[in-house]
Amino acid sequence: MEQRQDRAPSYLRVQQGVTIWLSHAVQGAIVRLARAYFPLEVGGLLLGWRDDRERIVTGLVGPGPGALHGRSAFVPDHAWQVAQLHQAFSASGGDLDYLGDWHSHPAGVAQLSPVDRTTLARIARRVPDPIMVIAAGSGHDWTLGSWSGKRAVLWRPAVIEERSLRPFSAPSEWSSFGLDQG
Ligand SMILES: [Zn+2]
């Protein structure tokens, strides 16, 4: 944790809510995959660093070779993704954590579907304030949206809030993963 805080520049710090920082390289990889699979849906995992209120995304895992792609749904190759996650973790010396999911909405909008909300709430049961990034569009134009989820506690339901995405250029020495996919 000390190492991560040392590495995160002071301009990455804010006090309230979860701030989602998405490296330009990850943003590019998501859009590349979304275009490549269009008109079918694609998605995967978001990797990076978790500070208390910040999620700094510097890597991703794709759908996997055994994933099933439909026009409005996809089923990831879970076993492959888990193996990739372990590989990313060890290759980065434990730097990269699983932060949440991403997927595309081909010819759709950058909003969470009811299923997406349920998925994010479910992830929030095991991951602190997970995030979800949606890439919506077709052809050349894709719009990204992002959300964070806070887990249900006692009688309070899970809270899912839209967050503004903050693109940034990750220094080359920062850990990244999966950026040459697609
Ligand atoms: Zn969706």
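This text goes with the structure placed above it.
Residues numbered from 1 in each chain as written. Predicted model: local features only at pLDDT ≥ 70, side-chain atom pairs only at ≥ 80, totals over all residues.

Caption draft 1: Fine view of the overall build of the chain. A count of helices and strands for the chain gives four helices and 10 strands. Mapped in sequence order, the helices and strands of the chain form the string α-β-α-β-β-β-β-α-β-α-β-β-β-β. The C-alpha atoms of the chain give a radius of gyration of 15 Å, which matches the 16 Å a tight globule of 182 residues would have. In the chain, which comprises 182 residues, the share counted as buried stands at 37%. Partitioning the intrachain contacts of the chain with sequence separation of at least 6 by distance along the chain shows that 69% fall at a separation of at least 24. (Helix = DSSP H or I, 4+ residues; strand = E, 2+ residues; numbered from the N terminus. Rg over C-alpha atoms; globule rule 2.2 N^0.38 Å. Buried ≥ 20, exposed ≤ 12 C-beta atoms within 10 Å, placed from the backbone. Contact = placed C-beta atoms within 7 Å.)

Caption draft 2: Structural view of helix 3 (residues 78-91). In a regular helix each residue adds 1.5 Å, so 14 residues correspond to 20 Å; helix 3 covers 20 Å between its end C-alpha atoms and thus fits that length. If you check which residues of helix 3 are buried, you get Gln81, Gln84 and Ala88. Here the buried residues of helix 3 occupy an arc of 60 degrees about the axis, which is enough to place them on one side. The exposed set on the far side of helix 3, more than 90 degrees from its buried face, consists of Ala79, His86 and Ser90. Close packing links the buried residues of helix 3 with strand 2 (43-50) and strand 3 (54-61). One or two positions beyond helix 3, positive phi appears at Gly93, with a value near 65 degrees. (Expected span 1.5 Å × (residues − 1). Arc of directions from axis to C-beta.)

Caption draft 3: Summary view of the nonpolar core. Val26, Ile30, Leu46, Leu47, Leu60, Ile131 and Val133 are the most contacted members of the largest nonpolar core, which totals 35 residues. Elements with a minimum of two residues in this core: strand 1 (19-23), helix 2 (24-37), strand 2, strand 3, strand 6 (97-106), helix 4 (114-123), strand 7 (131-138) and strand 8 (141-150). Element by element, the count of residues in this core is highest for helix 2, at six residues. (Core = buried A, V, L, I, M, F, W, Y, C linked by C-beta atoms within 7 Å.)

Caption draft 4: Highlighting the sheet that holds strand 1. Spatially, 9-8-7-6-2-3-1-10 is the arrangement adopted by the eight strands of the open sheet, whose pairing is mixed. With one partner strand each, in any of the chains shown, strand 9 (159-163) and strand 10 (165-168) form the two edges of the open sheet. Each strand axis lies, on average, 35 degrees off the axis of its neighbour in the sheet, ignoring direction. Bridge count between strand 2 and strand 3: six bridges; the pairing is antiparallel. When the bridges of strand 3 are listed, Leu46 appears paired with Leu60. (Pairing = 2+ DSSP bridges. Axes fitted to C-alpha atoms, helices over the stretch in contact; angles between N-to-C directions.)

Caption draft 5: Highlighting unusual backbone geometry. Pro39 follows Phe38 through a cis peptide bond whose omega is 10 degrees. Of note, Pro39 is situated in the loop between helix 2 and strand 2. Positive phi values are uncommon outside glycine, yet Asp129 reaches one of about 45 degrees. Position of Asp129 relative to the elements: it lies in the loop between helix 4 and strand 7. A tally of 21 C-beta atoms within 10 Å means that Asp129 is categorised as buried.

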